[in-house]
Each structure stands twice: as structure tokens, then as C-alpha cells.
Amino acid sequence: MSEGKKRRGAAASPEHPETDEKILSEARAEGTGEEREARKTQKKKSVRARFRLFRFFEKPDFRVEKEFLAFGKKLLFTLLIIAELFVLLQMIPSAFREGRWAALAATVGIEAVLTVSEAVKLFAVRGFKNKICCYIIDFVAAFLLTAVTGSVYLCTLYLIVLTEFYISSDKMLPSAILCAVCMVVYVLTQGVSSWFRPTGAQSFLTVIALSFNDLVVMLVHFLLVNFCVRFYRQYIRLTAALKELDESKAELQKAYDNLAEVTALEERQRIARDIHDTAGHSITTVIMQTEAAKLIIDTRPEEAKSKIIAANLQAKHALEELRESVHLLSGVSEKETLKSALESILNESSDGTGIRIRSDIDDISVSDAKYRFLCNALKEGISNGLRHGGATAFWFELKSAGGKLRFLLSDNGSGVALDSLKEGFGLSGLSGRAESFGGEAWFVSEPEEGFEIHLVLPADPERPEGM
């Protein structure tokens, strides 16, 4: 029997109350499945955190300059320890053979001081001014190690010190100056340290000759490290710029999508205005003609017949107007001149309705948008005058003067008090569209005094011939 079955059996037995209580306590301590999983996850995180303390190198993200520099400093510190071990290992055989225990102890002490100085410089302080003391300690330690050991690995210590400065400096000139100083100090150190060697002091040219390879290494190291650091920083800048560009592109795309949505909404509103102005005007005329025909069909059938024929023609024309609106909205139109279009609207409105319309229209060239707006404004004004004011006569004029287009439509209808005027879709559309062109619209009316629509729009600049 499994442990689970044993527990369930014991829990089901009324003869073992102590066992039952123990099982219930264990179940409460274990908690639900989610709680147990949470505790396991927390335990794993705790173990990883403890082991992380012993992991000197973590996988860095080289796309982040801060992590790159942190990794480089850890690598330099590791290389320093390795170089010091090589210097010490090179020193140990001669110390045992010749009994140079004091020199061995001095080497260990100097390396310890150098290690502490580098640790402080790499991980504790920032800025060249704060590191000046550390650099002085480094040069003194390198001089003493050269005097005590004469190791061939001392050039590596100089390279490590220089590398730390190269990756921390943002400019090339300070790096070049420090490289030159280190080369001079290295030569002087080699020359002075020769005084303490059994071979005795060496001439300046001899020291230069012996140090030539190391000096070349320092120069190549300077060029290579600085080139790599500058190239890396340029890469980081380009990456950041590309990231910003991508973000800007995303924001621009979002703005474009919003603009497309707004444009689509404005286009729908414009389509609604065009259909309202064109079809509404024509259908109003058709209704008036058929109503007039209905009233006289018994007494004057011939006249009624003519009105029905005119209404039929007007209905066909309404269909043509809707088709023209579709062509205008799609950008394909073979329109007539503005003056001819306005005169056609006036003639169609007067034919078969019995209304009188007089006009004075200048021959003006305007943009397609203003062309549609002025035609629709005239249709809307006549339609409103017929439907709401019962007008029987209209006066219309369109003039161009002083860089302005002046539109006036006046009727002899019943009029309305402007205080109680409620602008419908048509009139409010006139005002909004006029403002969108940089113009204005206003209305003049009084009860029993007719209604006037005034529009003022900026005139379009004249196009040179052939354009």
C-alpha cells in the first residue's frame, strides 16, 4: 500500500484521532499546489542568488555599454592576477636557488599593493582625478617590481593599466598622452632598475634597444584598443539611433493611422454633405413639381402633365448629380466652368416650379473643393428657401474682388428670427466648410423679410497659362 493510501486509510479511521490530527496539520503546512510551487520557485531563486555571489563573470549584454565596461573591468582584473602569478612563479626558482627570500616577500607585498590599487581603481572610484593616486601607486609598484624581479611579464602590467584608462576615457587625446607617459616611464624604470642588477647600470641606448619590443607592443596596443573602443561606442550610438528611429517610426505609423482614421471620417462627412446638397435639392424640386401637378391635374391637365414631365427630368438629373458626386469624390470629373454650373442649377430650379431667379455671376476659376462647395451651397440655399420659407423669388450673385469671393443668395420667403434659428445639417455644414477654407458664413433674416446667405472665401491664386 502506498503512503498516500495509508494516510487516507488512517484519516478515514475513527479509531486514530491523533493520526487524523497529524495528517491535517501536515496538509495545512504543505498548502495548496500553487503555494508549494511558489515555495519551490522562491527556493530556486535563493539558491541562484547564493551561487551568483561566487560567479565573477556573468553573461553580459554587449549592447549595453555599462555591462560591457563592467565585463571589461572584471576581465582586466583577472588578467592582472594572472600576470602577477606569472611574475611570482618566475621569481620563485631563483629565490630558492639564491636564497632571495626578502626579494620574494617584497614581490608578494608589491603585488598585493598593486592588486588593491587596481581593485579600487576598477570598481570603487570613477573619474581621472579620483584615480590619480591609484595611477601613481601603479607606477611605483611597477618600478619596484622591475627593480626587484626584472620579469619579462612587467610589460603586461603596463598594458593592463593602460587598457583600464582607454576603456574609461571618452576622448583620444588623454589616452595618447598617458600612453606616451607610460612609454617614457617604462624606459626610465628599465634604466634605473638596471642599477640594482648584478650586471650594473646600462647606457641609455642599450635600455632603448632592450625596451624597443615592449614599446612597440605598447604603441600597437594603444592603436588597437582605442580603435576597438571607438568602434564599439560608435556601434552603440548607431544602435541607439536606430532604436530611436524605430520608435519614431512606430509613433509616426500610429499618427498616420490616426490621421487616416480622421481623414476617413472627414471624407464620410463630406460625402454626406454632397449627397444632402445635391440629391436633397433635386428631390425637393421634384416634390414641389408633383405637388403642383396634383393640385391642377383636374382643372389644367396639360399644365399638370408638363410639370410631371419636368419632375421626371429633374429626378433623372438627381441621379446624374449623385453620379457626378461619386466622380468628384473619386477625383475623376470633367466638370464645366463654375459660372455654367451655377447657371445650370438656377435654370433647373426655376424650370417647372414657377419660381423666379435673377443672378449676377462672375466667371471665376476655383479649386475642385471650392467648386463643389459653392454649387452645393447654392442648391442648399434654394432648397431651404423653397421648403422652409415658401419662397417664390431668389436673387443670387457671386463676385470676386480684393482677393475675396463673395456669395449672396437672397429669397422672398417667410424668413425667421435669427435668435430662434436652429441650424440644420445643411446650414451648419455651410459654416463649417467656409471656415475650413479660411472664410466665413453668416445669415441675415427677419420674420416675413426673407432669408439671406452670405459667404466670403479667399480667392485662389491665378494659374499661369499652360499650367
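Residues numbered from 1 in each chain as written. Predicted model: local features only at pLDDT ≥ 70, side-chain atom pairs only at ≥ 80, totals over all residues. Heavy atoms only, no water.

A. Highlighting the nonpolar core. By size, the foremost hydrophobic cluster in this structure holds 38 residues, and its most contacted members are L157, Y158 and Y166. If you list the elements that add at least two residues to this core, you get α4 (65–98), α5 (101–123), α6 (128–148), α7 (154–168), α8 (172–193) and α9 (204–296). Residues in contact with Y158, not counting those within four places in the same chain, are F139, A142, C182, V185, Y186, T189 and M218. Core analysis: the next-biggest nonpolar cluster, separate from the first, contains 33 residues, L338, L342, L374 and L398 among them. (Core = buried A, V, L, I, M, F, W, Y, C linked by side-chain atoms within 4.5 Å. Buried < 20%, exposed > 50% of the residue type's maximum accessible area, 1.4 Å probe, protein only. Helix = DSSP H or I, 4+ residues; strand = E, 2+ residues; numbered from the N terminus. Contact = heavy atoms within 4.5 Å.)

B. Molecular detail of the packing of aromatic side chains. According to the stated counting rule, one finds seven aromatic pairs in the structure shown. Relative to F222, the ring of Y166 lies with its centre 5.6 Å away and its plane at 70°, an arrangement referred to as edge-to-face. Taken as a pair, Y166 in helix α7 and F222 in helix α9 lie far apart in primary sequence, 56 residues in all. Neither residue differs from the other here; Y166 and F222 are each classed as buried. Between F227 and F231, the ring centres sit 6.3 Å apart and the planes meet at 20°, which makes this aromatic pair stacked. Within this pair, F227 and its partner F231 are both found in helix α9, separated by four residues, close to a single helical turn. What makes F227 exposed here is its relative accessible area of 56%. Judged by its relative accessible area of 56%, F231 falls in the exposed class. (Phe/Tyr/Trp six-rings, centres within 6.5 Å; stacked < 30°, edge-to-face > 60°.)

C. The arrangement of the state of the cysteines in detail. On inspection of all chains with the given rule, the structure shows zero disulfides. For C133, which is in no disulfide, the shortest distance to another cysteine sulfur is to C134 and amounts to 6.9 Å. Classification of C133 as exposed rests on a relative accessible area of 56%. (Disulfide = S-S within 2.5 Å.)

D. Local environment of the layout of surface pockets. Approximately 630 Å³ is the volume found for the largest pocket. Forming the walls of the largest pocket are 24 residues, and the residues nearest its centre are K73, R126, G127, K131 and S168. For the lining of the largest pocket, the secondary-structure elements that each account for two or more residues are α4, α5, α6, α7 and α8. Per-element tally for the lining of the largest pocket: the top contributor is α4, with five residues. Its residues placed into classes, the lining of the largest pocket shows 14 nonpolar, three polar and seven charged. (1 Å grid on protein atoms, 1.4 Å probe; cavity = no way out; pocket = protein on both sides within 12 Å on 5 of 7 lines; lining within 4 Å. Points joined across faces, edges and corners; volume = space filled by probe spheres on them. Nonpolar A, V, L, I, M, F, W, Y, C, P; charged D, E, K, R; others polar.)

E. Fine view of the pairing of strand β1 (residues 356–361). Looking at chain direction, β1 and strand β2 (residues 393–401) are connected through six bridges and run parallel. Opposite I357, over in β2, you have F394 as the bridge partner. Each parallel crossover has a hand, and for β1 linked through helix α12 (residues 368–387) to β2 it is left-handed. (Pairing = 2+ DSSP bridges. Right-handed = clockwise from strand over helix to strand, strands pointing away.)

F. Molecular detail of unusual backbone geometry. With phi around 65°, E448 is a residue other than glycine that occupies positive phi space. Following the sequence through the fold, E448 ends up in the loop between β4 (440–445) and β5 (451–458).

G. Layout of helix α11 (residues 338–350). If you check α11, its first and last C-alpha atoms are 19 Å apart, about what 13 residues at 1.5 Å a residue would give, namely 18 Å. Of all the positions in α11, only L338, A341, L342, I345, L346, E348 and S349 are classed as buried. Angular distribution of buried residues about the axis of α11 spans 165°; they occupy a single face of the element. (Expected span 1.5 Å × (residues − 1). Arc of directions from axis to C-beta.)

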